[in-house]
Structure formats: structure tokens, C-alpha cells
Amino acid sequence: MPTNLASGAEYATVGQKRWVWPGFALPGVLWLILLFLVPFYAVFAIAMGQLDPILQRATPEWNPFYWDLTVMGEAFAELFGGQLGVIALRTLAYVFIASLICVLVGYPVAYFVSRRAGRWRWLWLLLILAPFWINYLMRMMSWVNLLSPDGQVNRWLTTIASWFSIDFVPPDWLAGNHVVVILGLVYGYIPFFILPLFAALDRIDEATLEASRDLGASNAQTFWRVTWPLSRNGVLGGLVIIMLPMFGDYYTPNLLSGSPRTRMYGNTIDQFINQTTSGGAVGAALTIILMIFIAGLMVYYLRSISRASQEARE
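Below you will find a few notes about this structure. This structure is a prediction, so every number in the text was calculated from the model and none was measured.

### Examining helix α5 (residues 136-147)
The terminal C-alpha atoms of α5, which comprises 12 residues, lie 17 Å apart, in line with the 16 Å expected from a rise of 1.5 Å per residue. Of the surrounding elements, those touching the buried residues of α5 are α6 (152-163), α7 (178-202) and α10 (251-256). Looking at where α5 begins, the residue whose side-chain oxygen comes 2.8 Å from the main-chain nitrogen of L137 is N135.

### Let's talk about the packing of helix α3 (residues 83-115) against helix α9 (residues 219-248)
At a minimum axis separation of 10 Å, α3 and α9 run at an interaxial angle of 135°. Relative to α9, the element α3 lies oblique. Here α3 and α9 pass one another in a crossing that is right-handed. Touching T91, L92, V95, A98, S99, C102, V103, Y107 and Y111 of α3 are F223, T227, W228, S231, V235, L239, I242, M243, M246 and F247, all from α9. For the contact of α3 with α9, the per-class residue count stands at 15 nonpolar, 4 polar and no charged.

### Concerning the pattern of salt bridges
In this structure the tally under the stated criterion is 3 salt bridges. Taking the shortest distance from any N to any O, the salt bridge between R115 and E206 comes out at 2.5 Å. Of this pair, R115 sits in helix α3 while E206 sits in helix α8 (residues 206-214), placing them 91 residues apart in sequence. Taking the shortest distance from any N to any O, the salt bridge between R213 and E206 comes out at 3.8 Å. For R213, a relative accessible area of 30% gives the class partly exposed. Residue classification places E206 among the partly exposed positions, given a relative accessible area of 34%. What you see here is one network of salt bridges that share partners, running through R115, E206 and R213.

### So, the packing of aromatic side chains
Scanning the model with the defined rule gives 18 aromatic pairs in all. On the numbers, 6.2 Å between centres and 5° between planes, the contact of F76 with F80 is stacked. Here F76 and its partner F80 are both found in helix α2 (residues 70-81), 4 residues apart, which amounts to about one turn of the helix. On the basis of relative accessibility, which here comes to 31%, the residue F76 falls in the partly exposed class. Seen in terms of ring centroids, Y136 and Y189 are 5.9 Å apart; in terms of plane orientation they differ by 45°. Their pairing is tilted. Note that Y136 is positioned in helix α5 and Y189 in helix α7, a separation of 53 residues in sequence. This pair shows no difference in class: Y136 is buried, exactly as Y189 is. One aromatic cluster is present, formed by F36, F40, Y41, F44, W62 and W67 through successive ring pairs.

### Looking at the nonpolar core
By size, the foremost hydrophobic cluster in this structure holds 57 residues, and its most contacted members are F193, M246 and Y265. Looking at this core, the elements with two or more residues in it are α2, α3, α4 (121-129), α5, α7, α9, α11 (265-275) and α12 (280-313). Counting residues per element, this core draws most heavily on α7, which supplies 12 residues. Residues contacting F193, with those up to four places away along its chain left out, are C102, V103, G106, Y107, V235, G238, L239 and I242.

### Things to note about the environment of M243
Within the secondary structure layout, M243 lies in helix α9. With a relative accessible area of 21%, M243 lands in the partly exposed category. Each C-alpha atom, one on M243 and one on I294, is 9.0 Å from the other, the two residues being 51 residues apart in sequence. Look past the residues within four positions of M243 in its chain and what remains in contact with it is V95 and S99.

### Details of unusual backbone geometry
Its identity as a non-glycine residue notwithstanding, S165 has a phi of 55°, on the positive side. With respect to the element layout, S165 can be found in the loop between α6 and α7. By relative accessible area, S165 is classed as exposed at 69%.

Rules behind the numbers
Residues numbered from 1 in each chain as written. Predicted model: local features only at pLDDT ≥ 70, side-chain atom pairs only at ≥ 80, totals over all residues. Heavy atoms only, no water. Helix = DSSP H or I, 4+ residues; strand = E, 2+ residues; numbered from the N terminus. Expected span 1.5 Å × (residues − 1). Contact = heavy atoms within 4.5 Å. Polar contact = N/O pair within 3.5 Å; in protein donor to acceptor, adjacent residues only side chain to side chain. Axes fitted to C-alpha atoms, helices over the stretch in contact; angles between N-to-C directions. Parallel < 35°, antiparallel > 145°, perpendicular 65-115°, else oblique. Left-handed = near helix turned anticlockwise from the far one by under 90°. Nonpolar A, V, L, I, M, F, W, Y, C, P; charged D, E, K, R; others polar. Salt bridge = Lys/Arg side-chain N within 4 Å of Asp/Glu carboxyl O. Buried < 20%, exposed > 50% of the residue type's maximum accessible area, 1.4 Å probe, protein only. Phe/Tyr/Trp six-rings, centres within 6.5 Å; stacked < 30°, edge-to-face > 60°. Core = buried A, V, L, I, M, F, W, Y, C linked by side-chain atoms within 4.5 Å.

Here you go:
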């Protein structure tokens with residue numbers, strides 16, 4: 001009899017444990033349903049809805065059995081054969097170049113802070129986190145002031161040109177300059193790349209690096225054969241964090257350019273949603289296309305992480 005009671009108590013304890021973590025996860029799941037899945041479905045309803053003949057506004061269709069794919073088809077046709085395709089390619093180029101610069105600049109910074117900063121690591125981390133204390137738009141506005149025709153950058157360039165007796169005409173940096181928009185993206189998102197990469201580099205055991213050197217590998221060989229492979233997931237994680245918002249970014253080109261020559265995909269969505277009466281459905285369709293593309297990137301990232309984890313276990 002006591003044995004049966006003990007078995008019953010043990011079974012009850014196991015049953016309670018099964019519900020502990022799902023219970024902790026329930027608030028987060030409800031939060032995601034409320035603030036992600038519901039708005040996500042609303043975007044689909046608007047993109048697949050009809051146009052109100054009187055108000056000329058997009059009317060959402062909540063019943064999926066009555067969804068109309070006309071607007072979505074027109075958006076795809078414009079993307080692969082119209083002006084929107086040029087904007088999409090420009091966005092891809094901007095994001096690719098900005099991400100490459102983030103890797104080239106951010107990796108040495110993360111490596112130095114994690115492996116070489118010593119007791120001053122806290123100070124370097126504080127400097128990396130400092131931009132998060134200031135609103136993104138405020139930081140971009142400071143660049144607008146610096147790069148304006150009578151801003152400090154042109155003053156410095158004019159002064160330097162006068163030293164060498166060069167006839168210098170100050171350029172208008174904010175008039176559709178591709179380089180300014182790309183550097184603005186780098187400036188805005190590079191802290192988000194450095195932090196996860198720092199965490200990945202900091203987790204590498206120093207004994208592993210010492211073993212590589214004891215086996216006769218040089219510092220360069222140790223980096224390429226040990227440090228880089230072990231930090232590759234951190235690089236991919238940082239790229240995912242910065243690339244996903246870059247594709248939908250519209251305020252950086254607006255603030256640092258405002259020219260149609262530097263318009264990005266996010267600017268087009270913003271234009272259709274906010275500046276036209278019947279453009280809500282088109283803007284929603286373009287949003288869905290962007291989400292499908294981003295989902296493909298996420299699948300590639302997750303498969304890369306899973307493959308790396310499997311190789312590490314083997």
C-alpha cells in the first residue's frame with residue numbers, strides 16, 4: 001500500500017512538471033498571438049480584399065474563402081517587370097553593401113573587445129551600447145545637420161581645400177547620394193551586429209586556441225581554422241538581426257536623402273499606405289512579399305544553425 005501511494009505521488013509530481021514550462025510560456029504565446037498573428041492576418045485580409053467603389057479605399061476581407069488575388073498578382077508583376085523591380089534591386093544592393101561593411105568593421109571591434117580588451121572590456125561595451133541610449137531618429141538628425149550644405153563636414157572640406165589652394169565646391173550630400181544612405185544604414189544598425197558577435201567570440205574557450213598554437217598553428221591559421229568557424233554562427237546571427245530591419249527601412253533614406261534615386265522597398269510600402277487613397281491593398285501586398293522573402297532568409301539561417309550544431313555534436 002505505501003508503495004502505491006509513493007507511485008501515485010511521483011506520477012502527480014511528473015504531471016505537474018510537464019505543465020510548469022508550458023505555463024511559463026503561455027503569456028508569451030498569447031502575447032505573440034495578439035501582437036503578431038492577428039496583425040499578420042489583418043495584412044493578408046487587406047491585401048486580399050476589395051476596393052470600396054464609393055470611398056476608393058481598401059476594404060479588408062476577413063473570410064479567406066472570399067480572398068481576391070488580383071492585387072497580389074499585380075504587385076508581383078510590378079516587382080518582376082516594372083519600376084518596383086528596380087527599387088527592389090537597389091534595396092538588395094544597399095543592404096548587401098551595408099551588411100558587408102558591418103562585417104568588415106564590426107568583426108574586428110567584437111574580436112578586440114572579447115579577446116584583447118582585458119580589464120577595460122566594460123568600458124568598450126559601454127561605448128558600444130551608448131547609441132541605444134539615444135533615439136534612432138535623433139541620431140540620424142545629427143547626421144543631417146553635419147551633412148547639410150552649410151554643415152560641419154563641408155566646412156572641414158572647404159578649410160582643407162583652402163590650405164592647398166584648391167577650388168572646392170561643397171557637395172550636397174543629402175541630395176540623393178547613394179553612399180550617404182548606405183553609411184547611414186551601417187551607422188544605425190552596426191551595434192546590433194557587434195553585440196551577438198561579441199557573445200559568440202566570448203564563448204570560445206581560450207584553451208581551444210592555446211591547443212591550436214601548441215600544435216604549431218600560427219596566429220593567422222588559428223584564426224581561420226578555429227576562431228572563424230566557431231564564430232560563424234555569431235556572424236550569421238548578427239547579419240540576420242541587421243538585415244531584416246534594413247529591408248523594411250524607410251526613414252533612413254527619407255532623412256538622409258529624400259530623393260527618388262535612393263528610394264528603398266520600405267519607402268514604396270510607406271508611400272502606398274500613407275500617401276494614396278486606394279494604396280492600402282498594394283502596400284499590404286508588398287509587405288507580404290517582403291515577409292515571404294525575409295522568411296526565406298530565416299529558413300536559411302535556421303538550417304545553417306542546425307547543420308552547425310549537428311556537426312559540432314558529431
